[in-house]
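Structural overview for review
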Amino acid sequence: MSDLINADLVRLDAELGSDKDAVIRALARIVADAGRATDVDQLVEDAFAREAKSATGLSGGIAIPHCRTAGVEVPTLAFARLQPPVDFGAKDGAADLVFLIAAPAGGDNTHLQLLTKLARALVKPAFTDALRAATSADEVVALVSEVVDAEPAAKKAAAPAAPTPTAKRSLVAVTACPTGIAHTYMAAEALEAAAERAGVDIAVETQGSAGSTPLPADTIAAASAVIFAVDVGVRDRGRFAGKPLVSSSVKRPIDQGDAMIAEALRAADDPHAPRVEGGGADSGSGAGAGTAGESWGGRTRRVLMTGVSYMIPFVAAGGLLIALSFLLGGYEIVGPYGDIAVDNTIFDLPDPQALGLDHALFGSGLAAYIGALFFIIGKTAFMLFIPALAGYIAYAIADRPGIAPGFVMGGLAANLFNVQSGGGVALPATGFLGAIIGGVLAGVIAHWVAGWKVPTWMRGLMPVLVIPLFTSVVAGLLMIMVFGKPIGWLMTQLNDGLNSLNGSSAILLGVILGLMMAFDMGGPLNKVAYSFAAAGVGGAALASDAPQLKIMAAVMLAGMVPPLALALATVVRPGLFNQAERENGKAAWALGASFITEGAIPFAAADPLRVIPAIMAGSAVTGGLSMALDVGIRAPHGGIFVLFAVSNIVGYLIALVAGTLVGTAAVIALKSIGTKDPELATDRELATV
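Residues numbered from 1 in each chain as written. Predicted model: local features only at pLDDT ≥ 70, side-chain atom pairs only at ≥ 80, totals over all residues. Heavy atoms only, no water.

What follows concerns unusual backbone geometry. Along the chain, Q83 connects to P84 via a cis peptide bond; the corresponding omega equals 5 degrees. Turning to its location among the elements, P84 is positioned in strand β5 (residues 76–86). The phi dihedral of N418 falls on the positive side, at around 55 degrees, and the residue is not glycine. Take N418: it is sitting in the loop between α13 (403–413) and α14 (431–450). Of note, N648 is a non-glycine position whose phi angle comes to about 70 degrees, a positive value. Positionally, N648 belongs in the loop between β12 (646–647) and α23 (649–671). (Helix = DSSP H or I, 4+ residues; strand = E, 2+ residues; numbered from the N terminus.)

This structure, assessed with the given rule, holds 12 salt bridges. Here E263 makes a salt bridge to R252, at a shortest N to O gap of 2.5 Å. If you follow the salt bridges from partner to partner, you end up with D607, R610 and K671 in one network. (Salt bridge = Lys/Arg side-chain N within 4 Å of Asp/Glu carboxyl O.)

This paragraph deals with the side chain of S248. With respect to the helices, strands and loops of the structure, S248 is situated in strand β10 (residues 245–248). Discounting chain neighbours no more than four positions away, the residues touching S248 are F228, A229, V230, P253 and M260. (Contact = heavy atoms within 4.5 Å.)

Next up on the list: α14. Its 20 residues place the ends of α14 28 Å apart at the C-alpha level, agreeing with the 28 Å of an ideal helix rising 1.5 Å per residue. If you check which residues of α14 are buried, you get G431, F432, G434, A435, G438, G439, L441, A442, G443, I445, A446 and V449. (Expected span 1.5 Å × (residues − 1). Buried < 20%, exposed > 50% of the residue type's maximum accessible area, 1.4 Å probe, protein only.)

Another aspect to go through is the nonpolar core. Counting 64 residues, the largest nonpolar core has L513, Y530, I551, V555, M560 and I633 as its most contacted members. Ranked by residue count, the leading element in this core is helix α19 (residues 547–572), at 12 residues. If we ignore the near neighbours within four places in the chain, the residues touching I633 are V537, L549, M552, A553, M556, V642, A645 and V646. Membership of the second largest hydrophobic core comes to 55 residues, among which are V40, V72, F88 and A121. (Core = buried A, V, L, I, M, F, W, Y, C linked by side-chain atoms within 4.5 Å.)

On to the packing of aromatic side chains. Tallying each qualifying case throughout the model produces 13 aromatic pairs. When the ring of Y310 is compared with that of Y392, the centres are 4.0 Å apart and the planes differ by 15 degrees; the resulting orientation is stacked. On the criterion of sequence distance, the pair formed by Y310 in helix α9 (residues 296–329) and Y392 in helix α12 (residues 385–398) is long-range, its members being 82 residues apart. Here the two residues Y310 and Y392 agree in accessibility, since each one is buried. (Phe/Tyr/Trp six-rings, centres within 6.5 Å; stacked < 30°, edge-to-face > 60°.)

So, on to the confidence of the model for the protein. Of all residues in the protein, 84% attain a pLDDT of 70 or more, and the chain-wide mean is 81. Taken element by element, the protein is modelled with least confidence in helix α24 (residues 683–687), mean pLDDT 43, and with most confidence in α23, mean pLDDT 95. Low pLDDT, under 50, characterises residues 153–166; the predicted model gives this stretch two contacts beyond four residues in sequence or across chains. Taken as a whole, residues 681–689 scores under 50 in pLDDT and shows 11 contacts with residues more than four places along the chain or in a different chain. (pLDDT = per-residue confidence, 0-100.)

Below, the discussion takes up the packing of α13 against α14. At a minimum axis separation of 8 Å, α13 and α14 run at an interaxial angle of 155 degrees. One way to sum up the angle between α13 and α14 is to call them roughly antiparallel. Both α13 and α14 take part in a crossing whose hand is right-handed. Contacts between α13 and α14 involve P405, G406, M409 and A413 from the first element and G431, G434, A435, G438, G439 and A442 from the second. Broken down by class, the residue content of the contact of α13 with α14 amounts to five nonpolar, five polar and no charged. (Axes fitted to C-alpha atoms, helices over the stretch in contact; angles between N-to-C directions. Parallel < 35°, antiparallel > 145°, perpendicular 65-115°, else oblique. Left-handed = near helix turned anticlockwise from the far one by under 90°. Nonpolar A, V, L, I, M, F, W, Y, C, P; charged D, E, K, R; others polar.)

The subject of this paragraph is the sheet that holds strand β9 (residues 225–230). If you walk across this open sheet you meet the four strands as β8-β7-β9-β10, and the pairing is parallel. The sheet is open, and its two edges are formed by β8 (201–206) and β10, each paired on a single side. The average undirected angle you get between the axes of adjacent strands in this sheet is 15 degrees. In this fold helix α6 (residues 183–198) packs onto β7 (170–176), β8 and β9, with an angle of close to 175 degrees to the strand it touches most, β8. Its contacts with the sheet place helix α8 (residues 252–269) against β7, β8, β9 and β10, and it is angled at close to 160 degrees to β10. (Pairing = 2+ DSSP bridges.)

Written out as structure tokens, the structure reads:
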């Protein structure tokens, strides 16, 4: 064992203060007196900062104040058995067993893994009872050494046993706390113990400081429900899309593991239970540590989806605000918005007629003023979506050190600085293609630099100075000197091609985009089509027949069709769907109307070979019709709730209804063929209910 703890770091039946702050200070001083702290004040400050996020007291008289800190250079445990006990915020009273866990800011995974073993042991009564019975500091050291030196228990190997008549139900879970040292692993241990008591299989992914091994896709697919016990975002949340969800803070399983397992089992049987949203807006992926065992295809998908999922809020918020600004101030607002924002106030409204705002809502100066401000806010948000795409692609590869250089590459891709020559020729803006390439470059370089072996004193500088500086320089030079002009030329050709689209070529593009939107319902193909369309809206000409606006309309309408078609099918032929699917059909109406294609996922997951081809047919019809009828839309999201931003509303409705009907007919036809699911109710049975 690494010398995490020794007799000098143990105090038995000690009075270290009347409150938790005093106890933490006293334990930090013990660490310093043992020669294990390089900066005791920094250790105390970091421990207090962690304590401020959430109390570290646990049920059963235990407290685990902990932190990652530059105040120590080696992982250290200080232990005190307090007399009298001190309140650390646990619901059941004061703590008499206190571990101060201090991990170096740049500590390696080997030591962090030892700390996780201790954290898991703390939820086992046998271990804490032994600590209370210990008669000497050496005995405490021996007890701790035994648990941290123990080989990881093999995951309850399945007995080569005879098959049971009914398979065990299974759950999956993710645990994560802000520092990823203690609660992450204690929560996992508590859930595993509670699941064993309940006779349920559970697989837990601990997203902690010691690294994270993602749950296999087949394990997730087989699970009846998912538990998120986290105080931070779940990495790659989209993997769990559609699963019934129970969520809580990371501390709850430690105190109420049995209750959470029971809740998860109830959620699995409840068609109205909350579910993990598709696409995972909160799906920040981890870095390379989180990619063990991934195929290159899976890793590529995860990286792209992470960037896109973080990008979409910028696009949706910015695009909708721009559309609202056009509704309020008219399309002419793009001219005088700056004059209005600078020269006018809410008490000194502009004159729409004098400014040429002929289409301001009701000719109102207030509408023109609010419209100008909405345009500025929306355009600012929209300008950031390309940097966000690149930044979070880099984050998916290199974790936090990749974010800053990734955003820089995205800024270069968007020419955010508006770099141009004296003659007005701008540095090539490489758009979303440049953002993808730049984000990958930044992520790969940052991940490589993060793996360098550096002296201990330099570790703290790596994530905040060395990695972002080196990565930004190298990736930035490559983007400008090597990739900029070729990608810029490609984007120019793409835009020229779009501007020349008409007739059958435009309809074919609409069909292709429709197929992409329906094929994976929020997956990579869907998001590539959406990103392509959304990027065009930001730079679209004001003319209502601009090809970029038509592409956005085709993509949005095609994305609405899958949930709507399946919702309608559950009404027309309910006997083809089981009870859970019929309940999902009710929600699919709202999801489809809101342009949330993921509303179709529960149906496709249950019957992919028949559902996916059917909804692809419907979306292809809608995409082609939308282009043929010259439908355009200035908002990148919102479904039927942004009809004010639609040109040719009649064509919009025709395309949407036609595709929905085709998709419904195809679903019914395909599900009427082949083996019948015994769970399905017949129409006659339903009629008697």
